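# A look at the structure
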Amino acid sequence: MQFNIEYPPLQQNINGKLDGPDLQLSIEAFRRMPSFELEVVQMSIARAMRDYRLGKLDLFFNYSNKEFQDYSLYPDYPLRWAEYRLLVLAGKGFKYESLLDLRGKRIGLINVVPLGEELQAAKDKNYIEVSRIASHRQVLEMLKRGRVDAIFMYTDVALHYADEVGVEIEVMNPGPYSRRGFYPSISLRSPIRNHALLQKELSEALGSMYRDGTHKAILRRFGVASVVKVGGKED
């Protein structure tokens, strides 16, 4: 299943076709799996969610969505990690040693993005003012115009949209940090005969891709820099 939207740099229109690391990582993983073949079906997110619930899709890519966990299996490794960091205008960074350093800061982020542990704690203490915004471009525009002091975004996506908006940004380091695994979940409602075997082979394929460097190479081909811990080390 492939969502029929552009979401650069993760999915882009390349020579008239939607392509990106998620699709290419999936193709490579199934190439390494002896018992299964991949059929890519392009559809909207809403339809994909509906068909997955009904068992009409075998796989659905998501961030371990709680709604699906009761009837899904997940491989040991995510397809990729989404890394969320605090970003500011270039040269506008500030000291960050504790939540107290966030007092009075205005933070912008996308509607559906969790704040992460540190920023949620700061919000609970009323240290920060949070503005939730509908689109990535609008988040960057607010930062550019000084309407927020910092943004909390998926770093690779933020850097892409910063170029489009014409603003130079930098990562707060140290700074609040969160990451979520983007997984190919396996529907236990689908008619596949052996869901456990699919989970096992998908885990082995993704693990081998992390270990032999193929995973990193595919991400870098599309300008994505996600990392994952393999054997206690960051790859």
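See the structure printed just above.
First, a word on scope: everything that follows refers to the structure included in this document.

Conventions we followed
- Residues numbered from 1 in each chain as written.
- Predicted model: local features only at pLDDT ≥ 70, side-chain atom pairs only at ≥ 80, totals over all residues.
- Heavy atoms only, no water.
- Helix = DSSP H or I, 4+ residues; strand = E, 2+ residues; numbered from the N terminus.
- Rg over C-alpha atoms; globule rule 2.2 N^0.38 Å.
- Buried < 20%, exposed > 50% of the residue type's maximum accessible area, 1.4 Å probe, protein only.
- Contact = heavy atoms within 4.5 Å.
- Areas by Shrake-Rupley, 256 points an atom, 1.4 Å probe, with all protein chains shown as cover.
- Lys, Arg positive; Asp, Glu negative; His and termini not counted.
- Charge placed at Lys NZ, Arg CZ, Asp CG, Glu CD.
- Salt bridge = Lys/Arg side-chain N within 4 Å of Asp/Glu carboxyl O.
- Axes fitted to C-alpha atoms, helices over the stretch in contact; angles between N-to-C directions.
- Parallel < 35°, antiparallel > 145°, perpendicular 65-115°, else oblique.
- Left-handed = near helix turned anticlockwise from the far one by under 90°.
- Pairing = 2+ DSSP bridges.

Below, the discussion takes up the overall build of the protein. Along its length, the protein carries seven helices and 14 strands. For 235 residues, the compact-globule formula gives about 18 Å, and the C-alpha radius of gyration of the protein, at 19 Å, lands near that figure. The C-alpha extent of the protein, read off along each of the three principal axes, is 55 × 40 × 35 Å. With 235 residues in all, the protein has 49% of them scored as buried. Partitioning the contacts of the protein with sequence separation of at least 6, the portion at a separation of at least 24 is 69%. With an accessible surface of roughly 12,200 Å², the protein has 46% of that area assigned to carbon and sulfur atoms. Seen as two clouds, the 33 positive and the 30 negative side-chain charges of the protein have centres 3 Å apart.

Time to look at the pattern of salt bridges. The final tally for this structure, using the stated rule, is twelve salt bridges. A salt bridge links Arg50 to Asp51; the nearest nitrogen and oxygen atoms lie 3.2 Å apart. With relative accessibility at 45%, the residue Arg50 sits in the partly exposed group. For Lys200, the salt bridge goes to Glu204, with nearest N and O atoms at 2.8 Å. Here the residue Lys200 and the residue Glu204 both occupy positions in helix α6 (residues 195–212), the gap between them amounting to four residues, near one helical turn. Glu204 sits in the partly exposed class, given a relative accessible area of 44%.

The next thing to look at is the environment of Trp81. Position of Trp81 relative to the elements: it lies in strand β7 (residues 80–89). Residue classification places Trp81 among the buried residues on the basis of a relative accessible area of 15%. Separated by 18 residues in sequence, Trp81 and Tyr63 place their C-alpha atoms 9.3 Å apart.

Here helix α1 (residues 21–31) crosses α6 at 110 degrees, and the two axes come no closer than 9 Å. Judged by the inter-axis angle, α1 sits roughly perpendicular to α6. Pair α1 / α6 crosses with right-handed handedness. From α1, Leu25, Glu28, Ala29 and Phe30 reach across to α6, where they touch Leu198, Leu202, Ala205, Leu206 and Met209.

Here the focus is unusual backbone geometry. Here the bond from Asn173 into Pro174 is cis, since omega is 5 degrees, no more than 30 degrees from zero. Turning to its location among the elements, Pro174 is positioned in the loop between β11 (169–171) and β12 (177–187). A positive phi angle is found at Asn126, which is not glycine, with a value near 60 degrees. For Asn126, the position within the fold is in the loop between α3 (117–124) and β9 (128–133).

What follows is about the pairing of β12. Within β12, eight of the eleven residues are buried, which leaves it mostly tucked inside the rest of the structure. Summarising the sheet, strand β5 (residues 59–62) and β12 pair through four bridges and their orientation is antiparallel. Paired with Phe60 across the bridge in β12 is Ser185. As paired strands, strand β6 (residues 72–73) and β12 are joined by two bridges and run antiparallel to one another. Within β12, the position partnered with Ser72 by the bridge is Ser187. In terms of strand pairing, β7 meets β12 through six bridges, oriented antiparallel. Each bridged residue has a counterpart across the sheet, and for Ala82 the counterpart in β12 is Arg180.

Another point: the pairing of strand β10 (residues 150–154). Summarising burial for β10: five of the five residues are buried, a large majority. Here four bridges tie β7 to β10, and the two strands are oriented antiparallel to one another. Bridge pairing in β10 places Arg85 opposite Met153.

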